[in-house]
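Coordinate inspection notes
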Protein chains: 2
Amino acid sequence: MSPRRPTILDVARAAGVSKSTVSLVVRGSPTVREETAKQVRAAMAETGYVYNRAAANLRASSVGLIGLVINDLRNPFFTEFATSVQMALSAQGYATVISNSDEDGALQAQMVGSMIEHGVSAFVISPAYGQEAETFEQIARAGIPCLQVLRQVDMRGDLFPFAAFDYARGGLLATQHLIAQQARNIAFVGGLPDRAVTTERMTGYLEALRGTGMAPRSFPGRTSRAFGAEMAALLSRRHPEIDAAVCFNDQVALGMLSGFARQGRTVGTDFRIVGFDDIEDCGQVWPRLSSVACDIAQFGRDTAAALLDWVETGQHPPPMRRAPVALAARESSLGFGSEGKSP
Amino acid sequence: MSPRRPTILDVARAAGVSKSTVSLVVRGSPTVREETAKQVRAAMAETGYVYNRAAANLRASSVGLIGLVINDLRNPFFTEFATSVQMALSAQGYATVISNSDEDGALQAQMVGSMIEHGVSAFVISPAYGQEAETFEQIARAGIPCLQVLRQVDMRGDLFPFAAFDYARGGLLATQHLIAQQARNIAFVGGLPDRAVTTERMTGYLEALRGTGMAPRSFPGRTSRAFGAEMAALLSRRHPEIDAAVCFNDQVALGMLSGFARQGRTVGTDFRIVGFDDIEDCGQVWPRLSSVACDIAQFGRDTAAALLDWVETGQHPPPMRRAPVALAARESSLGFGSEGKSP
DNA sequence: ACTCAATTTTGGAACGTTCCAGTAAGCAAT
DNA sequence: ATTGCTTACTGGAACGTTCCAAAATTGAGT
């Protein structure tokens, strides 16, 4: 099938120039005369040349490959993020190796190892819990730039910059909104206990409650739809006085929504719910789900830009500002009279 | 930061053997004596050696990198597939470069080009429509194995093997089930018109209808939730006689579900719906959505296995059998009296 | 001790680029 | 004509592996 792929040398011969010139043309150097470049490009087309990055890397040691490790790629929030990062990197000529660690720390460490071998120039990691030490040590040892996003794991010295949304403010906005909607007894539902992501969101929730005379009611646990559905059943049965919930994320909130639907309770009037992340589904279900909007696509683009800056300049980036969040209020908290978005 | 990464040569020196021996150890060759291997491994640990795949590739020309190009990575069905393939490949020591073409043929061609440069050993593509010619020609020209999955684009000679589920049978099962549930007027809703994926599903629908005296009613269009919601409104308003729908996919079906919920109509009694793909959400909404179950995780693993077989043996694989589908009947078609799965 | 085969190890030549220190060509000012 | 300066091109040496043919070692059978 293959009579040997043509190399830069074959192209050079066909174009009547040296291999170095071809190399310059390939990389779009401005120092080569346009006329020459044109000939070279013609020769490339004629010979059916394809650039061999492996060889280029070997010499130049920079692969144009970025590693993206995500703890749960099935969650639409992370999918959206991964997609956005991948597309932004792709636009800059970088390819993205994506891995789903599936919340398995050991798997994560293994994948990171494999990516290092492949010579990725940088990492973006939304880490799984467990095995953090090994994972991050490998990266640090190899001296590869790495951005930790969305989730932070406990580390003795924060080796790597961390970027995320302003989770505390999100919790605050959601809770204040429910208070404004006359909710008298607001629970916080879902999220893995004792994780920074959970406690931050809860901090905002507690802050909003302070001084209102309402007692906080936290029900941490998991982060899935199934958990949300279970909690809807549990709250109805055991805590009928609770009339609103700030959920850890949209998965939990959507789960609660269908849990209540199953019981015949109407969310938006009987019970008010606000989710977190504002994934696309929020606007597609009925009642539509209010949520703390995180512009994850923009966040992905920013992440990609910051990372490439680091890779290309070699400058460790400044600590990043928490990305802003906003409340998207919909029927699940407003009821069915009015519509719209509050600040 | 980097006082030069240690190479195979440094390891060889530290272990007191030749570089060739180290190379053999790295690749786990059985021809090297265990005692020697042990020394070499110790030396590797001591020097902090990391394998440089770029160099290995250059010489051996095989990168251990598989390209996965998906038309819509935000759709959970495809996410699940991508995840499954990636994890299966990862278990075999291959890394996966994932790209989302976002239904953009030009983007797809560009991404495929970039992956070829990166030296991927094979492709798995669920193609976007448009630019097929360029995309597949590039791959054919480079002589890279490629599996086309889930969707097929029109090609003069089917250059690449195609694997998918038995869509026609899925359409048949769904429609027969609705007939058994006493539906009298069944529509087929969603799917891009004139695409093989759509027409196959519709073929099964038409076949089930044949001889029942029911007239087929097709409403192709798009594949999104938003489209499903629109259609729920449209059907209620303009075609009140229709009392059931086979949907192109679960996205459309879930959209219809919330569209009807918004109108206050009860799906499962007033109107019966069956989706297609059986994504996780089907069991998480209320009423739970009946769907044609495609074991996408298994399909992903099979795809990975077939592809690796092709890559490693060099044997063009036999044409693949359509993967089986089954009906998962839930409240959206059964109503609320009974529960369970029919064959 | 000696032969022969099997096992284990080895040094040098690739692989296809980029980098670097040039050479050659062109042109303006002396 | 010579000099200097810029612009356009070039040939050889790297990069870190794997491949290969051959060398060294081992060990069993005489």
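Residues numbered from 1 in each chain as written. Chains lettered and ligands numbered in written order. Predicted model: local features only at pLDDT ≥ 70, side-chain atom pairs only at ≥ 80, totals over all residues. Heavy atoms only, no water.

So, about the sheet that holds strand 11 (residues 325-328) of chain A. Residue and element names in this part refer to chain A. Taken in spatial order, the 6 strands line up as 7-6-8-9-10-11 in an open sheet, and their pairing is mixed. With partners counted over all chains shown, the strands left at the sheet margins are strand 7 (217-219) and strand 11, one partner each. Here the average twist between neighbouring strands, direction ignored, is 20°. Note that strand 6 (residues 186-189) and strand 8 (residues 244-247) share 4 bridges and pair parallel. Bridge pairing in strand 8 places Val 189 opposite Cys 247. Most of the contacts of helix 9 (residues 196-209) go to strand 6, to which it runs at about 175°, and overall it touches strand 6, strand 7, strand 8 and strand 9 (272-277). (Pairing = 2+ DSSP bridges. Helix = DSSP H or I, 4+ residues; strand = E, 2+ residues; numbered from the N terminus. Axes fitted to C-alpha atoms, helices over the stretch in contact; angles between N-to-C directions. Contact = heavy atoms within 4.5 Å.)

What follows concerns the pattern of salt bridges. A complete count under the given rule lists 28 salt bridges over all chains for this structure. Taking the shortest distance from any N to any O, the salt bridge between Arg 13 of chain A and Asp 10 of chain A comes out at 3.3 Å. On the criterion of helical spacing, the pair formed by Arg 13 of chain A and Asp 10 of chain A is a turn pair, its members being 3 residues apart in helix 1 (residues 8-15). You can call Arg 13 of chain A exposed: its relative accessible area is 58%. The residue Arg 288 of chain B makes a salt bridge to Glu 331 of chain B at a minimum N-O spacing of 2.9 Å. In this pair, Arg 288 of chain B sits in the loop between strand 9 (272-277) and strand 10 (290-294) while Glu 331 of chain B sits in helix 13 (residues 331-334), placing the two residues 43 residues apart along the sequence. Across this residue pair, the class does not change: Arg 288 of chain B and Glu 331 of chain B are buried. Taken together, the shared-partner salt bridges in this structure form one network comprising Arg 225 and Asp 281 of chain A together with Arg 225 and Asp 281 of chain B. (Salt bridge = Lys/Arg side-chain N within 4 Å of Asp/Glu carboxyl O. Buried < 20%, exposed > 50% of the residue type's maximum accessible area, 1.4 Å probe, protein only.)

Taken together, 26 residues surround DNA strand D, and among them Thr 21, Thr 36 and Arg 59 of chain A together with Ser 23 and Arg 27 of chain B come closest. Atoms of DNA strand D within 4 Å of the protein: sugar and phosphate make up 61%, bases the balance. Here a base oxygen of DNA strand D and a side-chain polar atom of Lys 19 of chain A are 2.7 Å apart. Within the backbone of Ile 8 of chain B, a nitrogen or oxygen atom sits 2.9 Å from a phosphate oxygen of DNA strand D. Looking at the surface near DNA strand D, the elements with two or more residues in it are helix 2 (19-26) and helix 4 (53-60) of chain A together with helix 2 (19-26) and helix 4 (53-60) of chain B. Ranked by residues supplied to the surface near DNA strand D, first place goes to helix 4 of chain B with 5 residues. (Near = heavy atom within 4 Å. Polar contact = N/O pair within 3.5 Å; in protein donor to acceptor, adjacent residues only side chain to side chain.)

A word on the interface of chain A and chain B. Chain A puts 47 residues into the contact, and the matching count from chain B is 47 residues. Sorting the residues of chain A by area buried against chain B places Glu 117, His 118 and Trp 286 of chain A first, and these three jointly supply 15% of that buried surface. The tally of links from chain A across to chain B stands at 6 salt bridges. Glu 80 of chain B is the partner of Arg 74 of chain A in a salt bridge, and the nearest nitrogen-oxygen pair spans 3.1 Å. Across the chain A-chain B interface, the total number found is 10 residue pairs in polar contact (both at pLDDT 80 or more). Elements that contribute at least two residues to the side of chain A that touches chain B include exactly helix 4, helix 5 (76-91), strand 2 (95-100), helix 6 (105-117), helix 10 (225-238) and helix 11 (250-263) of chain A. (Buried area = accessible area lost by both parts, 1.4 Å probe.)

Now for empty space enclosed by the protein. Enumeration according to the criterion identifies 1 cavity of 30 Å³ or more in this entry. Empty space within the largest cavity amounts to approximately 100 Å³. The wall of the largest cavity is formed by Arg 53, Ala 54, Asn 57, Val 63, Leu 65 and His 118 of chain A together with Arg 53, Ala 54, Asn 57, Val 63, Leu 65 and His 118 of chain B. Counting only elements with at least two residues in the lining of the largest cavity, the list comes to helix 4 of chain A together with helix 4 of chain B. Residue classes in the lining of the largest cavity are distributed as 6 nonpolar, 4 polar and 2 charged. (1 Å grid on protein atoms, 1.4 Å probe; cavity = no way out; pocket = protein on both sides within 12 Å on 5 of 7 lines; lining within 4 Å. Points joined across faces, edges and corners; volume = space filled by probe spheres on them. Nonpolar A, V, L, I, M, F, W, Y, C, P; charged D, E, K, R; others polar.)

Time to look at the packing of aromatic side chains. Going through the model one piece at a time under the given rule, you end up with 18 aromatic pairs over all chains. Measuring from centroid to centroid gives 6.5 Å for Phe 77 of chain A and Phe 165 of chain A, while their planes differ by 55°, and the two rings are tilted. With a gap of 88 residues between them, Phe 77 of chain A in helix 5 and Phe 165 of chain A in the loop between strand 5 (162-163) and helix 8 (167-180) connect regions that are remote in the sequence. For Phe 77 of chain A, a relative accessible area of 5% corresponds to the buried category. With a relative accessible area of 1%, Phe 165 of chain A lands in the buried category. Taking the centre distance of 5.8 Å and the plane angle of 40° together, the rings of Phe 81 of chain A and Phe 299 of chain A count as tilted. In this pair, Phe 81 of chain A sits in helix 5 while Phe 299 of chain A sits in helix 12 (residues 296-313), placing the two residues 218 residues apart along the sequence. The burial state of Phe 81 of chain A is the same as that of Phe 299 of chain A; both residues are buried. Through a chain of ring-to-ring contacts, the aromatic side chains of Phe 77, Phe 78, Phe 81, Phe 165 and Phe 299 of chain A assemble into a single cluster. Of note, Arg 195 of chain B hangs over the ring of Tyr 129 of chain B, and the distance from its end group to the ring centre comes to 3.7 Å. One cation-aromatic arrangement involves Arg 201 of chain B over Phe 248 of chain B; the distance from NZ or CZ to the ring centre is 4.4 Å. (Phe/Tyr/Trp six-rings, centres within 6.5 Å; stacked < 30°, edge-to-face > 60°. Lys NZ or Arg CZ within 6 Å of the ring centre and 35° of its normal.)

This part covers the protein's contact with DNA strand C. Residues in close proximity to DNA strand C total 25 residues, the closest being Ser 23 of chain A together with Lys 19, Thr 21, Thr 36 and Arg 59 of chain B. Taking all atoms of DNA strand C within 4 Å of the protein, the share assigned to sugar and phosphate is 63%. In this structure, Ser 20 of chain B approaches DNA strand C through a side-chain N or O atom, which is 2.7 Å from a base oxygen. Between a base nitrogen of DNA strand C and a side-chain N or O atom of Arg 59 of chain B, the distance comes to 2.6 Å. Looking at the surface near DNA strand C, the elements that each hand over two or more residues are helix 2 and helix 4 of chain A together with helix 2 and helix 4 of chain B. Tallied by class, residues from the surface near DNA strand C come to 10 nonpolar, 9 polar and 6 charged.

The subject of this paragraph is the domain arrangement of chain A. Looking at chain A, the domain boundaries give domain 1 (8-51), domain 2 (65-163) and domain 3 (167-294 + 326-334). The straight-line distance from the C-alpha centre of domain 1 of chain A to that of domain 3 of chain A is 61 Å. (Domains from an automatic or database assignment.)

With that settled, the discussion passes to the pairing of strand 3 (residues 122-126) of chain B. In terms of residue burial, strand 3 of chain B counts as a mostly covered element, since 5 of its 5 residues are buried. This β-α-β element, strand 3 of chain B to helix 7 (residues 132-142) of chain B to strand 4 (residues 146-149) of chain B, shows right-handed connectivity. (Right-handed = clockwise from strand over helix to strand, strands pointing away.)

Looking now at the pairing of strand 6 (residues 186-189) of chain B. Residues and elements named next belong to chain B. Here strand 6 shows a buried face lined by Ile 186 and Phe 188 and a second buried face lined by Ala 187 and Val 189. Where strand 6 lies against strand 7 (residues 217-219), 3 bridges are found, and the strand directions are parallel. Bridging across to strand 7, Ala 187 finds its partner in Arg 217. Between the parallel pair strand 6 and strand 7, the chain is carried across by helix 9 (residues 196-209), and the sense of this crossover is right-handed.

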